[in-house]
Amino acid sequence: MDIDEPIYLVGGDLTTFIGKGHPDFDTDGDNPSLENHLTEAIHGSLEETGVEPDAIERGYIGNFAAECFANQGHMGALAARAHEAFRGKPFQRVEGACASGGLAVINAVDSLQLGHDVVLAAGAEVQTTVSAREGAAYLARAAHWETERDLDDFTFPAMFARRAKHYKEKYGVTDEDIGHVTAKAYANANKNPYAHMREVEVSYEDAITESDQNFCFLGNEELKPHLKTLECSQVTDGAASVVLATESGLDKLAVDPSDCVQVTSYGWSTSPLGDVDDYTELNNTKQAVQEAYNDATVKPSDVDVAEVHDCFAVTELLMYEALGFANPGEGAQLAESGETQLDGETPVNTGGGLIGFGHPVGATGVKQVLEIYRQMKGLCGDYQIPETPDVGLTANMGGDDRTTVSFVLENIA
Ligand code: CAA
């Protein structure tokens, strides 16, 4: 989508992402609720940006499965509880599986294009209310239930184990290759105070070795050898929220464009559920990212920092290829080269990605654009990349590459 009128990301905030393995997580279940996370992120985004709640004209809330995990629907109205000034304003939920957050940001951008000036996009999910196995059944609703649910109790892990199997067979990629993604994710998360896995240390050796910490857990015997626990994104609770504005919105807010990041373009692609034509490529993502590149007149080599949907370690390699950072089958070489590490040429998932930072499903797409903003404005503390990025790219994927949202963001110095 070519964005005609300049749209600015004014800033935002997120809650600490927590779940099993986080020092503050209560294994007896006494953890912040969905509403706690959402409210905290919205309040934080208003405080961080100095935007008065009154100035918010609309709100879009990304969430996938609150009915299942938290017995809560009607997320727009839930978000409207966050501030008295939101009463009567149009707020709504946006759903596209794990791309729900990205879609919330798209809706905010579209409404700014249509004439609004200041809009909020947030995303939230809690998932730790049930066991990982029960949660996997809820997440499986992002697949084609009728034909894909029976792949495994852990349907999504199995779907990406299937991709790993095909990818390894086609290109000779090994678990040792994939381990570079896992090790990077944990190393970055260890530098990130917001990350779910901030205190769990995983060396490259740990990542590639089967152990009590890193076991093959699938029931599907054919797919079981192709996925270990450390290669998985986390079952995480969390929320993120951003404020977006037009030029006249910035005038109203008295915010200087140089304090913002421009949302230059977005790509959005959806493919039929259960109809993957090639397990070794993320073709839907490729299409969304290509649209974002074309509309921004940006090419892969222009990208200085990226946030990609590493729902499983192998997915990050497939993402490198879909984004044009590596040729087909060469994602592993890129990972091994160190180019996507914090001090590399194109750092990817600097805060730890879905594996290290965590994956509160509906929040992830919002967190991705916020992370690019935070890198561009030098707000990432210990995981700040050495060179201030000019161009950033996101790729937020729902289901087995069925809905993808991609943004190009540019820094305004
Ligand atoms: N050896 C073998 N198996 C073992 C074991 C061992 N040493 N220890 C435990 N297990 C088995 C057990 O059967 C256990 O399940 P039950 O307790 O129900 O029997 C199972 O492995 C998992 O163990 P835990 O529940 O103790 O593991 P955990 O709570 O640490 O979770 C995880 C680990 C299962 C990998 C979990 O983190 C997970 O499910 N991650 C993936 C989350 C996910 O799929 N997110 C969606 C990504 S897809 C996407 O992003 C797109 C979209 O639109 C959905």
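Everything quoted here is computed from the prediction, not taken from an experiment.

Basis of the calculations
Residues numbered from 1 in each chain as written. Predicted model: local features only at pLDDT ≥ 70, side-chain atom pairs only at ≥ 80, totals over all residues. Heavy atoms only, no water. Salt bridge = Lys/Arg side-chain N within 4 Å of Asp/Glu carboxyl O. Helix = DSSP H or I, 4+ residues; strand = E, 2+ residues; numbered from the N terminus. Buried < 20%, exposed > 50% of the residue type's maximum accessible area, 1.4 Å probe, protein only. Lys, Arg positive; Asp, Glu negative; His and termini not counted. Contact = heavy atoms within 4.5 Å. Near = heavy atom within 4 Å. Polar contact = N/O pair within 3.5 Å; in protein donor to acceptor, adjacent residues only side chain to side chain. Areas by Shrake-Rupley, 256 points an atom, 1.4 Å probe, with all protein chains shown as cover. Nonpolar A, V, L, I, M, F, W, Y, C, P; charged D, E, K, R; others polar. Patch = residues over 30% accessible without salt bridge, like charges linked within 9 Å, V, L, I, M, F, W, Y side chains within 5 Å. Charge placed at Lys NZ, Arg CZ, Asp CG, Glu CD. Pairing = 2+ DSSP bridges. Axes fitted to C-alpha atoms, helices over the stretch in contact; angles between N-to-C directions. Core = buried A, V, L, I, M, F, W, Y, C linked by side-chain atoms within 4.5 Å. Expected span 1.5 Å × (residues − 1).

Honestly, the pattern of salt bridges in this entry has me stumped. Any pointers?
Two side chains with opposite charge may pair up if their charged atoms get near one another. In total, this model carries 17 salt bridges according to the counting rule given. Between Lys 165 and Glu 222 there is a salt bridge whose closest N-O contact spans 3.5 Å. Here Lys 165, found in helix H7 (residues 155–171), pairs with Glu 222, found in the loop between helix H9 (204–208) and strand S5 (238–245); they are 57 residues apart in sequence, far enough to count as distant. Using a relative accessible area of 52% as the deciding quantity, one classes Glu 222 as exposed.

Can you walk me through the side chain of Asp 177 in this structure?
Considering the arrangement of structural elements, one finds Asp 177 in helix H8 (residues 175–189). Of the side chains with opposite charge, Lys 168 lies nearest to the buried Asp 177, which makes no salt bridge, at 9.4 Å. Once residues within four sequence positions are removed from consideration, Asp 177 is found in contact with Gly 172, Ala 332 and Glu 336.

Just checking my understanding: could you explain the site of the ligand for this structure?
Surveying the vicinity of the ligand reveals 22 residues, the closest of which are Cys 98, Arg 133, His 309, His 359 and Gly 399. Take Cys 98: an N or O atom from its main chain is 3.1 Å from an oxygen atom of the ligand. The separation between an oxygen atom of the ligand and a polar side-chain atom of His 309 is 2.8 Å. About the coverage of the ligand: the protein hides 71% of its 1,100 Å² of free accessible area. Among the elements of the structure, helix H5 (132–139) and H7 are those that each provide at least two residues to the shell around the ligand. Of the residues forming the shell around the ligand, the biggest block, three residues, is contributed by H5. Here the residues of the shell around the ligand sort into 15 nonpolar, five polar and two charged.

What am I meant to see in a negative patch on the surface here?
The grouping of Asp 2, Asp 4, Glu 5, Glu 247 and Asp 251 at the surface amounts to a negative patch. In this fold, Asp 2 is placed in the segment before strand S1 (8–14).

I tried to follow the sheet that holds strand S3 (residues 91–94) on my own but got confused; where do I start?
Each strand in a sheet pairs with another by means of backbone hydrogen bonds, the pair being arranged parallel or else antiparallel. With respect to topology, nine strands assemble into an open sheet ordered S3-S2-S4-S5-S1-S6-S9-S8-S7, the strand pairing being mixed. Strands with a single pairing partner mark the edges of an open sheet, and in this sheet they are S3 and strand S7 (305–308). Pairwise comparison of adjacent strand axes, ignoring direction, gives a mean angle of 25 degrees for this sheet. Here strand S6 (residues 261–270) pairs with strand S9 (residues 403–411) via nine bridges, running antiparallel. The residue bridging Val 261 from the neighbouring strand is Asn 411, located in S9. Helix-sheet contacts for helix H15 (residues 361–376) involve S1, strand S2 (58–62), strand S4 (118–125), S5, S6, S7, strand S8 (391–398) and S9, and the interaxial angle to S8 is about 175 degrees.

Would you explain the environment of Gly 179 in this entry?
Along the chain, Gly 179 turns up in helix H8. On the accessibility criterion, Gly 179 (0% relative accessible area) is buried. As a C-alpha pair, Gly 179 and Ala 332 span 153 residues in sequence and 9.3 Å in three-dimensional space. In contact with Gly 179, other than residues within four places in its own chain, are Tyr 204, Ala 207 and Ile 208.

Help me understand the nonpolar core in this model?
Soluble globular proteins tend to pack their nonpolar side chains together in the buried interior. Within the largest apolar cluster, 106 residues are counted, with the highest numbers of intra-cluster contacts made by Leu 244, Leu 323, Phe 325 and Phe 407. Among all residues touching Phe 407, those that are not within four sequence positions of it are Gly 102, Val 105, Ile 106, Val 109, Val 263, Ser 265, Tyr 266, Val 369, Gly 392, Leu 393 and Thr 394. Ranked by size, the runner-up nonpolar core spans 30 residues in total, among them Leu 78, Val 118, Leu 120 and Ile 412.

What's the story with H8 in this structure? I'm lost.
For H8, built from 15 residues, the straight-helix expectation of 21 Å at 1.5 Å per residue is met to within 8% by its first-to-last C-alpha distance of 21 Å. Across the 15 residues that make up H8, a large majority, eleven, are buried. Considered for burial, the residues of H8 that qualify are Asp 177, Ile 178, Gly 179, Val 181, Thr 182, Ala 183, Lys 184, Ala 185, Tyr 186, Asn 188 and Ala 189. On the buried face of H8, the contacting elements are H7, H9, helix H12 (313–322), helix H13 (331–337) and helix H14 (353–356).

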